[in-house]
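Spelled out, the chains give:
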Amino acid sequence: MSGLSWRAGAAAITGLVLAVTVAVERAGDAEGRAPRTEAPAVAAAAPRIVPAPVSLQRRPGPAFTLTPQTRLVVRDRRATGVAELTAVLLRRSTGYPVPVTDGASYGGHDVLFALDGPASLGDEGYTLAVHGRGVRLTAHAAEGLFRGVQTLRQLLPGRIESATVRPGPWAAPAVAITDRPRFAWRGAMLDVARHFYGVDDVKRYLDLAALYKVNVLHLHLTDDQGWRLEIEKWPRLTTVGGRTEVGGGRGGYYTQEQYTEIVRYAAARYVTVVPEIDIPGHTNAALTAYPELTCDGTAPPVHTGIDVGFSSLCVRAGVTYRFLDDVIREVAALTPGRYLHVGGDEAYDTSRADYKAFMAHARQVVRGHGKRLVGWTQVATTPQDPDSLAQYYHAAHGDDPRTKWAHAAADQHMKLIMSPAARAYLDMKYTAADRLGTDWAGLVDTRTSYDWDPVTFIAGLSPGDVHGVEAALWTETAASMAEVEYLAYPRLAGVAERGWSPATGRSWADYAPRLAAQGPRWTVLGVRFHRDPAVPWPAGTGGETTAPSGG
Ligand code: ACM
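Residues numbered from 1 in each chain as written. Predicted model: local features only at pLDDT ≥ 70, side-chain atom pairs only at ≥ 80, totals over all residues. Heavy atoms only, no water.

(A) Local environment of the pairing of strand β7 (residues 126–131). Across the 6 residues that make up β7, a large majority, 6, are buried. Neither face of β7 is exposed, since Tyr 126, Leu 128 and Val 130 on one face and Thr 127, Ala 129 and His 131 on the opposite face are all buried. One ladder, built from 6 bridges, connects β7 with strand β8 (residues 134–139); its direction is antiparallel. Opposite Leu 128, over in β8, you have Leu 137 as the bridge partner. Hairpin geometry of β7 and β8 is characterised by an intervening segment of 2 residues between the two adjacent antiparallel strands. The pairing of β7 with strand β10 (residues 175–179) spans 5 bridges and is antiparallel. Residue pairing in the sheet places Val 130 in a bridge with Val 175 of β10. (Buried < 20%, exposed > 50% of the residue type's maximum accessible area, 1.4 Å probe, protein only. Helix = DSSP H or I, 4+ residues; strand = E, 2+ residues; numbered from the N terminus. Pairing = 2+ DSSP bridges.)

(B) Broad picture of helix α9 (residues 352–368). When the terminal C-alpha atoms of α9 are compared, their 24 Å separation across 17 residues agrees well with the 24 Å that a helix rising 1.5 Å per residue should span. Along α9, the residues that are buried comprise Asp 354, Tyr 355, Phe 358, Met 359, Ala 362, Val 365 and Val 366. The buried residues of α9 occupy one face: seen down the axis, they fall within an arc of 125°. Just beyond α9, the residue with positive phi is Gly 370, at close to 85°. (Expected span 1.5 Å × (residues − 1). Arc of directions from axis to C-beta.)

(C) Layout of the sheet that holds strand β16 (residues 339–343). Here 8 strands make up a closed barrel; going around it, the order is β11-β12-β15-β16-β17-β18-β19-β20 and the pairing parallel. With strand direction ignored, the average angle separating the axes of adjacent strands in the sheet is 30°. As defined by bridge partners, strand β18 (residues 389–392) adjoins strand β19 (residues 415–418) across 4 bridges and the pair is classed as parallel. By the bridge assignment, Ala 390 is partnered in β19 with Leu 416. This element, helix α4 (residues 199–210), spans β11 (185–191), β12 (216–220) and β20 (466–473) of the sheet and lies at about 150° to β11. (Axes fitted to C-alpha atoms, helices over the stretch in contact; angles between N-to-C directions. Contact = heavy atoms within 4.5 Å.)

The following block contains the structure:
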């Protein structure tokens, strides 16, 4: 490892790295024009990117600088959407016009969005060549361009995130980066059932996560405390079941139109929304709205507490199957992604025989409406299809007996999404002194949530068993976005890195300074992150030493 070069690529990708580096240099020579103004000297510090790219090499020579002349150049209409989103971001803070233009050539202050990258980059891979002759961002698919833009943002000063005009300079160091994800699924789950969060809050949660290359937004839409998605055939689910939340607040719900707006917003950012309808347990809100879904036909009291495992759809009632078919049909129709999450966890009020019968049926219904099933780990105790996914969430320090459910999934060729609570549950307290959060899986400080590997976490799994990772935020104790963000950051960034970056070369010592560099960025973005004392935050970083209240 030399002073100018840092590389964490596995041997398997070395060929790709070399091929792309050559392509980048050729492009720069052939297309770069001389910079129009004097570029500042190369910044001394190594760029600090989260998630760590597969390969990052410092280049000699001048930095790249955004100027009033900067254009975003596209040569392929498929790149226009990403370029337009990038332009909006850059205009806000620089105050420059930043036009998006079609064009063959690009100059020293321009950013080229090219889609002539090799197929070996996959949909999400990209290369990024940054120097005084301009920026060339290259991918094989527009999605890869979007991921690359997140890296470019982090090469620029944190104030590039500002919603209002700030003074420059806007320099990014000369680098050559080649990057692609380790796992296909890098999720962030937000529980909008325990406390409800509106469309703009969800968009903000998504935008922050997308900065760390998260590509799945899993919305936990239904639980005992509230049903949050309008189902046209069963309107009382939301008009009655949506009116509560933990602590007795007003709750709320998304109309199908509002939900579609979230899905559309996510898709423009190459994030897939995975809706979760948690059944057959976690259904008290539905049962209050439609007592015929209970076995005795009596509406239970509304639930505004935080205990779990006491509610169940009446699995033997015919109406339950009509309900299931209607709900899954409508949710599937709102879901362009291939996955639909049916929960299936903690159904302690459902007999084992009923649970098996119900999940066999749910499997057919989800498939019948054209989707693949995702469920929490317990679904793997029932027969499922090999293209279904099981989301592993137990506290598990490797010896948890429930790791056998992860093996049960692998044995039937389902793949796993790894969300072990003792690492990836963002609602665990950081320290015993925290006011917010719970601690049933232990205390999970920033380092603990980073220091694990999704494949080796459970003994006996192989890389092919793991489809990805997900950071899950349950909102029993989080009643405001300030509280949500305090719990999510910094931990969400670390879980996202576990999903994106190669396993080789990961360490807390390497990660902590890169994470610290996110502090000023979050400060500009107004994120009320937890200022974990183990992270070497630079001067001028905000953050909260104790949980913010309200906000
Ligand atoms: C869960 O934490 N019950 C999925």
